[in-house]
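Spelled out, the chains give:
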Protein chains: 4
Amino acid sequence: MSHILRRTIHLTHKTLQSGTRLNFAFRCVSTLDISGVYPPIATPFNADESIAYDKLERNLQQWNTIPFKGYVVQGSNGEYAYLTPEERVELMKKVVQWVGDKKLIIAGSGCESTRDTVSMTQKMADVGAKAALVVTPCYYKGGMNNTALINHYTKVADTSPIPVILYSVPGNTAIDLAPEVIIKLSEHKNIIGLKDSGGDIGKLGSLVYATQKNDFQILAGSASFLFPAYAVGCVGGVLGLANVLGKACCDLEQLYKDGKMEEAKQLQHRLIAPNMAVTKRFGVPGLKVAMEWFGYYGGPTRSPLQPIGQSDIDIIRNVFKSNGFLD
Amino acid sequence: MSHILRRTIHLTHKTLQSGTRLNFAFRCVSTLDISGVYPPIATPFNADESIAYDKLERNLQQWNTIPFKGYVVQGSNGEYAYLTPEERVELMKKVVQWVGDKKLIIAGSGCESTRDTVSMTQKMADVGAKAALVVTPCYYKGGMNNTALINHYTKVADTSPIPVILYSVPGNTAIDLAPEVIIKLSEHKNIIGLKDSGGDIGKLGSLVYATQKNDFQILAGSASFLFPAYAVGCVGGVLGLANVLGKACCDLEQLYKDGKMEEAKQLQHRLIAPNMAVTKRFGVPGLKVAMEWFGYYGGPTRSPLQPIGQSDIDIIRNVFKSNGFLD
Amino acid sequence: MSHILRRTIHLTHKTLQSGTRLNFAFRCVSTLDISGVYPPIATPFNADESIAYDKLERNLQQWNTIPFKGYVVQGSNGEYAYLTPEERVELMKKVVQWVGDKKLIIAGSGCESTRDTVSMTQKMADVGAKAALVVTPCYYKGGMNNTALINHYTKVADTSPIPVILYSVPGNTAIDLAPEVIIKLSEHKNIIGLKDSGGDIGKLGSLVYATQKNDFQILAGSASFLFPAYAVGCVGGVLGLANVLGKACCDLEQLYKDGKMEEAKQLQHRLIAPNMAVTKRFGVPGLKVAMEWFGYYGGPTRSPLQPIGQSDIDIIRNVFKSNGFLD
Amino acid sequence: MSHILRRTIHLTHKTLQSGTRLNFAFRCVSTLDISGVYPPIATPFNADESIAYDKLERNLQQWNTIPFKGYVVQGSNGEYAYLTPEERVELMKKVVQWVGDKKLIIAGSGCESTRDTVSMTQKMADVGAKAALVVTPCYYKGGMNNTALINHYTKVADTSPIPVILYSVPGNTAIDLAPEVIIKLSEHKNIIGLKDSGGDIGKLGSLVYATQKNDFQILAGSASFLFPAYAVGCVGGVLGLANVLGKACCDLEQLYKDGKMEEAKQLQHRLIAPNMAVTKRFGVPGLKVAMEWFGYYGGPTRSPLQPIGQSDIDIIRNVFKSNGFLD
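Residues numbered from 1 in each chain as written. Chains lettered and ligands numbered in written order. Predicted model: local features only at pLDDT ≥ 70, side-chain atom pairs only at ≥ 80, totals over all residues. Heavy atoms only, no water.

As annotated in an unreviewed UniProt entry, chain A carries the name 4-hydroxy-2-oxoglutarate aldolase, mitochondrial and comes from Mytilus edulis. Per its UniProt entry, chain A bears the Subunit (unreviewed entry) comment "Homotetramer." The annotation that UniProt attaches to chain A under Function (unreviewed entry) is "Catalyzes the final step in the metabolic pathway of hydroxyproline." (UniProt positions renumbered as here; feature names shortened; annotations may be inferred.)

In structure tokens:
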């Protein structure tokens, strides 16, 4: 029951207005509560680039000790773009088996075509994912106008057995979901939130405000702005850095909730440089190197992502040291 | 034999220098001749978005009457990004069966991961494609540095049974293959050319010049600059517009070859606006609408690409009319 | 004395390390305190585009009643780029005369060339400005590397009689001052702060942290993120919206200082859409229209900026209404 | 008389339609012929950054021996953005005095505001410039929509005593003049051409075609695509490289005119890399270094442009060597 929010009466009104039939007088409308901190978990590979399931299980055991709300499986940091459709489902199945009800599992299920996304979302639900994170399709950039994106997400949400979370990550897709698209989609009863990695805090604040009548939950997509995101009304974060510094990310959440603003600011300050190092600057290869320092299996990425050299490893290590996360 | 160019002796020298073993004294090194005009053929769909193979066969019969050098199957205009891996192979197989040796068939075989691209290229060769057009991987933009791209293409070319053609289409991928990467890769004996859709004519000219010792063949990626591309030494083009105005595109090639520069210029002028209408401005949905006017089956695109409205259809029609291609 | 912060002992150490001679044992090193809220005041024009000095004086009288820390004169919202060098000095002189010591006056003094910027900064100091806000030069984008920008600001700061504030506004200049440039320049004793309009809150937080030993003060460049900027350690803001809703902007500052986080968030939410309307979306012409509704003289912009049409005016008005700032 | 083209009767019709009064029955309408090759001449500075007029005079004497059509004075390569308004007029005056009728002198007269541009264009005409090259204003990027740019150029052309040439250089301004703006402005009788440095050859070709009824002359803005620009109907070029390799640029023009397409292609190939080195890659500082090798005075740029280091100088030198322009 802890994942459930009661939708207030205005949602029922919205539902009525949008023409959905109500089958009984006092229908209980509820939304999955996705507030909290999530690592978008890295996918471990063996030297031959096959999936290292044993290492993944071990990593999950370690992550399970951290007060995460859940896991995002097959976000960008999970190299989802390098997994075959079969691998995506198989991997999700195993994570669900291993994690069980300990954490909320959100499945990255986005594909380029709407039909593939519909199909993948169904499969993710079938193997036990609790919500689907759907990245913007992005190949035909000129065609990805607001109408196309609204249609895409509406079709996926209409058919999905599990709630859908929008996912905007312009650094990878070069597509930034427009506020008007998000606001429109927030009215869909099966679209419950957004992960935004763009970092425009004004956009996040205005979206919190504009969607507050729709039980819409916004998650920061980067540890670089988790605290200010909370300050403007976001409810959590999907944080690449949480693969490495999960405890610190959860501490920041707690400091904010406890109203300890000065300490929150200071911890936020220390997280930005390490976060930049393992995301924008050195990407998944950097993230996997840093994971090793904290007891996780990192291992190689799939090609064409390249391993980083020793001098870059030293740079990352110094960033973690100078911010107090390594000796 | 018409597709074969004799590589000159400098290639043999290059091969020797790069350390590849030669197994016999007078090895005959040859390069597939890819010069000429190609439509990157549209993939027809039925109303339910399934592949309309009957319509594709009919379109190919009509295209076969035009003096194209060949077909690019599963380029961007072929909505390759919306086909499943199984569909990609099945579709290629059928095209090879129907076309036979009438035309040179180039298969789009690029995927995001190197391993998937290696695998898909192998499969495309297995079903009869004569060369592979490999788009730049693009999801992890921050990681797609020159080293990553050189590694990716080298691995694909090392393992591919058929020659590889580089494919740079920054309008879709937001990745522009750098000249130094292209020049480096042109030294690989199984990388025989480039399709560049970026439209930087200075870049094309300088690449022709810098790679002329490597039997490297450069194809224009747009009918908007086919004539100037020929003028700076490109050997042909993969032209979305050729799906619709194939004869005119081949006429432009012939005018250039015949040294009729003034007429070439005039025809080039008339092709630009129609080309822009069915590529950059209205994309594949616009292309498919225009195909119908010229006797081809166009039909719907797959979602999330959206059909265009009547007012946009009218705009495209007027562009074709005012440039003398429709009454 | 209210504008003065005592620099702590580490500054003295920094100064010693950087080789500057100290002429007496207990030199008092101090930094102008620029914390607070500023409108980058609009420059009013008559119908013939001449400067409407009488209207400016009237606007200032009204602004003087608001608890602003000061005024930024000839920021982007002041159409400084459309003023001749002579007008820039004359305008500054009059503002200083009218405002006196009531507010802290910061002069936009940036020009494309270093020599012109040095000269303009000197003139601004001569007529009484208390600090200089120096926008990044931007015409030769390819040449504006970190070295060029560090050199530019260093020369300006070395020669300026008044403290220098860096100004990064990529929306206008397409140049984003890099963190490493800002951190390096923060060590210069005559460079006391930064106005950053880029909106990357992670960058702002990391800069606060990285420059905290240098008495470096960071001002948010937009009302869309004033509250989260305070949350990560910025000391104020230069806010286009403050031309119109100055009181509300100062209220937000006060709520933050009083630790009223929930109310601050709610007011922040209401400010974003009005701010976007009079900055990014409709620019200075939109700002000047809105000024009229709040008792200020707006008037025309200089050409090539164009007046906005009635339908756009209605959009802006509705944004102010729906956020509770107009009836 | 060599600079004069007879406008055909359609122009007279256009003029009638646009409502301009004709004062006599057979008004002779003519357009300045700007076809040919121009260096956008560098502005030489002394070590103290003052203008080195003596060096400029000497450079002009050397340039005068090359079959240029004329000079563009105060283009981007002339560091016009770093000259004061007074210097701009003074410099133009001297160039006119020294060059006289030997060459056609085109004055860069663009400023950010329309009123300053009108005034500067008038002054340039007063001191003897024969045409004005007007760069797009660019500071308020969000406000520089098509309406704003059409208005700006129309006002400037309405009041200018000399013909106006549009100037689009997105590499510096981040503003790309849209085809519809150019086509609209080409109808203005005092707007006679365009210099386009963007390098989109399809755009150039389509503009030649779309404006052919308006006696509109298009000049390539870069030696990297001079030959293909001629091929699609441009009439010449304003070429930074012509400061250094003026003779070769004029040779390329002549080869094209003589129909020697193969030789033109080969010369074009050799010009691209040197051109890139002294424009995009190393900018004006690189250009000035290379000028020295060919007998011109180069000297320093104004700050914030920085001198380039020895390793970069060596790179440029090798580019000139390997393309056969230096021993």
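Q: Teacher, can you tell me more about the overall build of chain A here?
A: Scanning chain A from terminus to terminus reveals 13 helices and eleven strands. Its C-alpha radius of gyration of 19 Å places chain A within 12% of the 20 Å reference for a compact globule of 327 residues. Along the first, second and third principal axes, the C-alpha atoms of chain A reach 60 × 45 × 40 Å. Per-residue burial over chain A gives 62% buried out of 327 residues. Considering only contacts in chain A between residues 6 or more positions apart, those separated by 24 or more positions represent 73%. Distance between charge centroids for chain A: 5 Å, based on 34 positive and 29 negative side chains. (Helix = DSSP H or I, 4+ residues; strand = E, 2+ residues; numbered from the N terminus. Rg over C-alpha atoms; globule rule 2.2 N^0.38 Å. Buried < 20%, exposed > 50% of the residue type's maximum accessible area, 1.4 Å probe, protein only. Contact = heavy atoms within 4.5 Å. Lys, Arg positive; Asp, Glu negative; His and termini not counted. Charge placed at Lys NZ, Arg CZ, Asp CG, Glu CD.)

Q: Whenever I open this one, the UniProt feature "binding site: pyruvate" (unreviewed entry) in chain A confuses me. Can you help?
A: Residues and elements named next belong to chain A. When the UniProt feature table is mapped onto this chain, "binding site: pyruvate" (unreviewed entry) is found at Val238. Positionally, valine 238 belongs in strand S11 (residues 236–238). Judged by its relative accessible area of 1%, valine 238 falls in the buried class. Those residues in contact with valine 238 that lie beyond four places of it in its chain are Tyr38, Pro40, Val72, Lys195, Leu219, Ala220, Gly221 and Ser222.

Q: What's the story with the sheet that holds strand S4 (residues 40–41) of chain D in this structure? I'm lost.
A: Neighbouring strands of a sheet are bound in pairs by backbone hydrogen bonds; such pairs are parallel or else antiparallel. Residue and element names in this part refer to chain D. Judged by pairing direction, the sheet is parallel, and its nine strands sit side by side in the order S3-S11-S10-S9-S8-S7-S6-S5-S4 without closing on themselves. What marks the edges here is a single partner per strand, and that holds for strand S3 (36–38) and S4. Two strands pair when backbone bridges link them, and S3 and strand S11 (residues 236–238) are joined in this way by three bridges, in the parallel orientation. Along S11, the bridge assignment pairs valine 37 with glycine 237. (Pairing = 2+ DSSP bridges.)

Q: Could you clarify how one ought to interpret the relation of the copies chain B and chain A in this entry?
A: What relates the pair of chain copies is a rotation about an axis plus a shift along that axis. Of the two same-sequence chains, chain B is brought onto chain A (RMSD 0.0 Å, axial shift 0.0 Å) by a rotation of 180 degrees. Here the symmetry operator amounts to a two-fold rotation axis. Distance from the rotation axis, computed per C-alpha, reaches its smallest value in chain B at Ala174(B): 3.7 Å. Interface overlap between copies: 100% of the residues of chain B at the interface are likewise at the interface in chain A, consistent with a symmetric, same-surface contact. (Least-squares fit on C-alpha atoms with pLDDT ≥ 70 in both.)

Q: What is the right way to read the nonpolar core from this model?
A: Here is a general trend for soluble globular proteins: nonpolar side chains tend to be buried in one another's company. Core analysis: the largest hydrophobic core is formed by 232 residues, its most contacted members being Trp63(B), Leu166(B), Phe320(B), Trp63(D), Leu166(D), Leu245(D) and Phe320(D). Excluding its chain neighbours within four sequence positions, the residues that come into contact with Trp63(D) are Ile41(D), Ala42(D), Phe68(D), Tyr71(D), Lys103(D), Ala242(D), Asn243(D), Met291(D) and Tyr296(D). Counting residues in hydrophobic clusters, the runner-up holds 229 residues, among them Val89(A), Met144(A), Leu226(C) and Tyr296(C). (Core = buried A, V, L, I, M, F, W, Y, C linked by side-chain atoms within 4.5 Å.)

Q: What exactly am I supposed to notice about the interface of chain B and chain A here?
A: Opposite the 40 residues of chain B that make contact, chain A presents 40 residues. Where chain B abuts chain A, roughly 3,100 Å² becomes buried across the two surfaces, and 54% of that area is made up of carbon and sulfur atoms. If you sort the residues of chain B by the area they bury against chain A, Arg115(B), Tyr139(B) and Tyr140(B) come out on top, with a joint share of 25%. One can count three salt bridges joining chain B with chain A. Here Arg115(A) and Glu49(B) are joined by a salt bridge, their closest N and O atoms 3.7 Å apart. Here chain B is connected to chain A by 15 residue pairs in polar contact (both at pLDDT 80 or more). For the side of chain B that touches chain A, the leading source of residues is helix H5 (residues 146–159) of chain B, giving five residues. Of the residues in the side of chain B that touches chain A, the class split is 15 nonpolar, 14 polar and eleven charged. (Buried area = accessible area lost by both parts, 1.4 Å probe. Salt bridge = Lys/Arg side-chain N within 4 Å of Asp/Glu carboxyl O. Polar contact = N/O pair within 3.5 Å; in protein donor to acceptor, adjacent residues only side chain to side chain. Nonpolar A, V, L, I, M, F, W, Y, C, P; charged D, E, K, R; others polar.)

Q: Explain the packing of aromatic side chains here, please?
A: Think of a pair of aromatic rings as described by two things: how far the centres are apart, and how the planes are tilted against each other in angle. This model, assessed by the stated rule, comprises 44 aromatic pairs over all chains. Judged by centre distance (6.5 Å) and plane angle (65 degrees), the rings of Tyr53(A) and Trp98(A) are edge-to-face. Taken as a pair, Tyr53(A) in helix H2 (residues 53–63) and Trp98(A) in helix H3 (residues 85–99) lie far apart in primary sequence, 45 residues in all. Ring geometry for Tyr230(C) and Tyr256(C): centres 5.0 Å apart, planes at 20 degrees, overall stacked. With Tyr230(C) in helix H9 (residues 226–231) and Tyr256(C) in helix H10 (residues 246–257), this residue pair connects regions lying 26 residues apart in the sequence. By the ring-pair criterion, three or more aromatic residues cluster together here, those being Trp63(A), Phe68(A), Tyr71(A) and Tyr296(A). (Phe/Tyr/Trp six-rings, centres within 6.5 Å; stacked < 30°, edge-to-face > 60°.)

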